[in-house]
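Overview (structure and organization)
One letter stands for each residue in the lines below.
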Amino acid sequence: MLTRVMTSLITLIGVVSLVFFLIHLIPGDPVEYILGDSARPADREALRSELGLDRPVIIQYADYLSGLVRLDLGHSLHSRQPVSELLLERLPATLKLSLAAFLLAILIAFPLGVLAATRSGTSWDSGAMVLSLLGVSIPNFWLGPMLILLFSLWLGLTPVSGMEQPGSLILPAVTLGVSLAAILARMVRSSLLEVLNEDYIRTARAKGVSEQVIVWKHALSNALLPVITLLGLQFGALLAGSVITEKVFSWPGVGLLLIDAIQQRDYPVVQGAVLLIAVSYLVVNRLTDLLYRAVDPRIKVA
Amino acid sequence: MSRWFATVILLCWVSVVLLQPLLQTTPNQIQLDAILAPPSMEYWLGNDALGRSVGERLLAGAEIALLVSVATVMISALAGTLIGALSGYAGGMTDVVISRIIDIMLAFPGILLAIALAAVLGPGIDNLVIAISVVGWVGYARLARAQALSLKQREHVSAAIALGSRQGRILRRHIIPLMLAPLLVEASFGIAAVIVAEAGLSFLGLGVQPPQASWGSMIREGADFLLVAPHLAIFPGIAIFLVVLSANLFGDWLRSRLDVRDEVA
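Residues numbered from 1 in each chain as written. Chains lettered and ligands numbered in written order. Predicted model: local features only at pLDDT ≥ 70, side-chain atom pairs only at ≥ 80, totals over all residues.

Attention now goes to the overall build of chain A. In terms of helices and strands, chain A carries 13 helices and zero strands. From first element to last, N terminus to C terminus, chain A shows the α and β order α-α-α-α-α-α-α-α-α-α-α-α-α. Taking all 302 residues of chain A together, 39% fall into the buried category. Put simply, of all contacts in chain A between residues at least 6 apart along the chain, 70% involve residues at least 24 apart. (Helix = DSSP H or I, 4+ residues; strand = E, 2+ residues; numbered from the N terminus. Buried ≥ 20, exposed ≤ 12 C-beta atoms within 10 Å, placed from the backbone. Contact = placed C-beta atoms within 7 Å.)

To continue, consider the confidence of the model for chain A. A residue-level look at chain A finds 95% of positions with pLDDT of 70 or above and a mean pLDDT of 85. When pLDDT is averaged over each helix and strand of chain A, the minimum, 57, is found for helix 13 (residues 298–301) of chain A and the maximum, 93, for helix 5 (residues 83–118) of chain A. (pLDDT = per-residue confidence, 0-100.)

A few words on the nonpolar core. Membership of the largest hydrophobic core comes to 157 residues, with the highest contact counts inside it found for Ala273 of chain A together with Leu112, Ala114 and Ile115 of chain B. It is helix 8 (residues 170–196) of chain A that provides the largest number of residues to this core, a total of 15 residues. Residue contacts for Leu112 of chain B: discarding those within four places in its chain leaves Ala240, Val243, Val274, Ile277 and Ala278 of chain A. (Core = buried A, V, L, I, M, F, W, Y, C linked by C-beta atoms within 7 Å.)

The subject of this paragraph is helix 3 (residues 92–106) of chain B. Residues and elements named next belong to chain B. Taking 1.5 Å per residue as the helical rise, helix 3 with its 15 residues ought to reach 21 Å, and the 21 Å between its terminal C-alpha atoms agrees with that figure. Of all the positions in helix 3, only Ile102, Ile104 and Met105 are classed as buried. What you see down the axis of helix 3 is that its buried residues fit within an arc of 165 degrees, all on one side. Opposite its buried face, helix 3 presents the exposed residues Gly92, Met93 and Val96, each directed more than 90 degrees away. (Expected span 1.5 Å × (residues − 1). Arc of directions from axis to C-beta.)

Moving on to the interface of chain B and chain A. On the chain A side, the residues contacting the 31 residues of chain B number 35 residues. Of all the secondary-structure elements, those providing two or more residues to the side of chain B that touches chain A are helix 3, helix 4 (110–121), helix 8 (180–203), helix 9 (215–223) and helix 10 (231–264) of chain B. The element that contributes the greatest number of residues to the side of chain B that touches chain A is helix 4 of chain B, accounting for eight residues. Counted by class, the side of chain B that touches chain A contains 26 nonpolar, four polar and one charged residues. (Nonpolar A, V, L, I, M, F, W, Y, C, P; charged D, E, K, R; others polar.)

In this section: the packing of helix 7 (residues 140–154) of chain A against helix 8 of chain A. Residues and elements named next belong to chain A. Relative to each other, helix 7 and helix 8 sit at 140 degrees, their axes nearing to 9 Å. For the crossing formed where helix 7 meets helix 8, the hand is right-handed. On helix 8, the residues touching Asn140, Leu143, Gly144, Leu147, Ile148 and Phe151 of helix 7 are Leu171, Val174, Thr175, Leu176, Val178 and Ser179. The residue inventory of the contact of helix 7 with helix 8, partitioned by class, reads eight nonpolar, four polar and no charged. (Axes fitted to C-alpha atoms, helices over the stretch in contact; angles between N-to-C directions. Left-handed = near helix turned anticlockwise from the far one by under 90°.)

Following this line, the structure appears as C-alpha cells:
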C-alpha cells in the first residue's frame, strides 16, 4: 500500500516535470515565438524577464515547483488573469461533459455487452460487435460535425454549440461517449463470457437457478471487476479526449481554453491546462487502482 | 468477408497514393467559378470554399495520411522495440530507470501529450511525426519489455549464453526476432491510431498547414460550411473512417492469425 502511494508520487513528480521540460527545453525561443520578428529588443527583454526566462533553467524549475505547491501557476499573457483562476472557471464545464459522456457510455455498453455475451455466436453477438467496431473507428472530430449536421441543422432538435441552451449537453456527450461505449461493450462481453464458463456458474445452472439470476446476479458481479479498472483508465482518457470535443462544440471547458491558449501562444495557460488534465488523469487512475484492490479481496493475497 | 473488405480498402489507399503522380492532380488549384460547388458530373465530389476540388484534395490527404502513419509507426516501433527489449533483457538499474520512464509516459494521456508537443514544436508534417512518435514508442516498449523478460528464460537463450555469444548478438538474433509477431499486430493497430492522431491534430490546426490538404484539416474547414456545403466535411470523414476501420479489422485478423501460429509452435 505504502509503496504504491510512493510510486504514484514519483510518477506524479515525473509528469509534473515532463510538462515543465516540454515547455522549456524545446529548441526555439518562446519570446521570439510570442512577439514575432519585428518586436523591439527592449520589449523582448521585458517579456523575457516577466516570464522568468532570463534565469537558469534549474532556478526556473525550482520556482515552478514551489509555485505549484502554492497552486500558483503564473498569469495568462493574454488576459493577465491568474492561470489557476482561469482553470477553475473552466473545470466545471469539462467535468460536466466528461461525466455525461461517461454515464452515457455505461448505459449503452452494459446492455450491449451482456446481450452479446449471453447470445454469443448468434447474429445478436456479431451485430453488437460490429456496432462496437464502428464506434471505435469513428473519429470524434468527424462524428461531432455529423451529429450537428443531422440533429441541429437538418432536424433542428438540438443547439449547434455552447452550453447555455437546454439540450446543449446531448450532442457533445454522445460525441465523446461513443468510443468509450464501444470499448466498454467489448470488455463487458469478453469478461462476462469468461465468467460464464466457470464452474460455479455450472453449479448454479445445475441447481436450477434461472438464467436471468445467473447472468445478472452471479456472473455480472464477478465480471465487473476487470471492467472497473478499464473504467478508471477510460475516465481519465475522456478528460483528455474532451479537448477535441470541446473544440468541435465550442464547449467552454479546459480543453477549449487549452486550444485557444495554443493559438494565442499563451504559454503559462498551455502549461497549466496540460498539467491539470495530466494530473487529473493520473489521480483518477491511481484511485481506481486502489478501489479495485478494495473491491476484490483476491488481489491482496496475490 | 471483413478481411476482404479491409484488404481492398487498404490496397486502394496505397495504390491511389502511388498512382497519384500519374493522375496529375492539382489539389491546391483555386477555381473561383466553382466555389462550394456540390458534387456533380463535372466536379465529382464537389469543390470547397476556394473552389478547390474535394476529390483531388482527398487524394492529397491520402498521401499525407500514408506518409505520416508509416513514418510514425516505423520510428516508434523501432525505437520502442529496441528500448523495451534492452530494458527487459538487461534487467537491473537499466530496467528500473526505463520502466519508470515508461510508467511516467503512460501516466500521461497520449493525445494530450501529442497536442502539447505539436503546440510547442510548431505546425508542419515533420513536427507532427515527431510529436506522435514521442507518444507512440511507449506502447511498443512496454510490449517488447514483457516479451524480452519471458524470452530470456527460454532454453535457446541459455544455450546461446553457454556457447559464449555476445549480449548484443543474443538480443539481435535470439530475442528480437521472436517478439515480432505481437509487435506486428500492435503496429497495424498503430496505423489506425496514428491516422486518427494526425487528422485530429490537423483538425485542431496543429498539423498540416494550409494550403496543403489533410483529411483532418478538410473536416475543420468543412465544419464552417456544414449547412451550405455538407459534402466538405462528409467525404474526408468517410475516408478516415474507412481506412481506420480497415486497419483495425486487419489488426484483428492478424492477431487471431498469429496467435494460432503461436499455439502450433
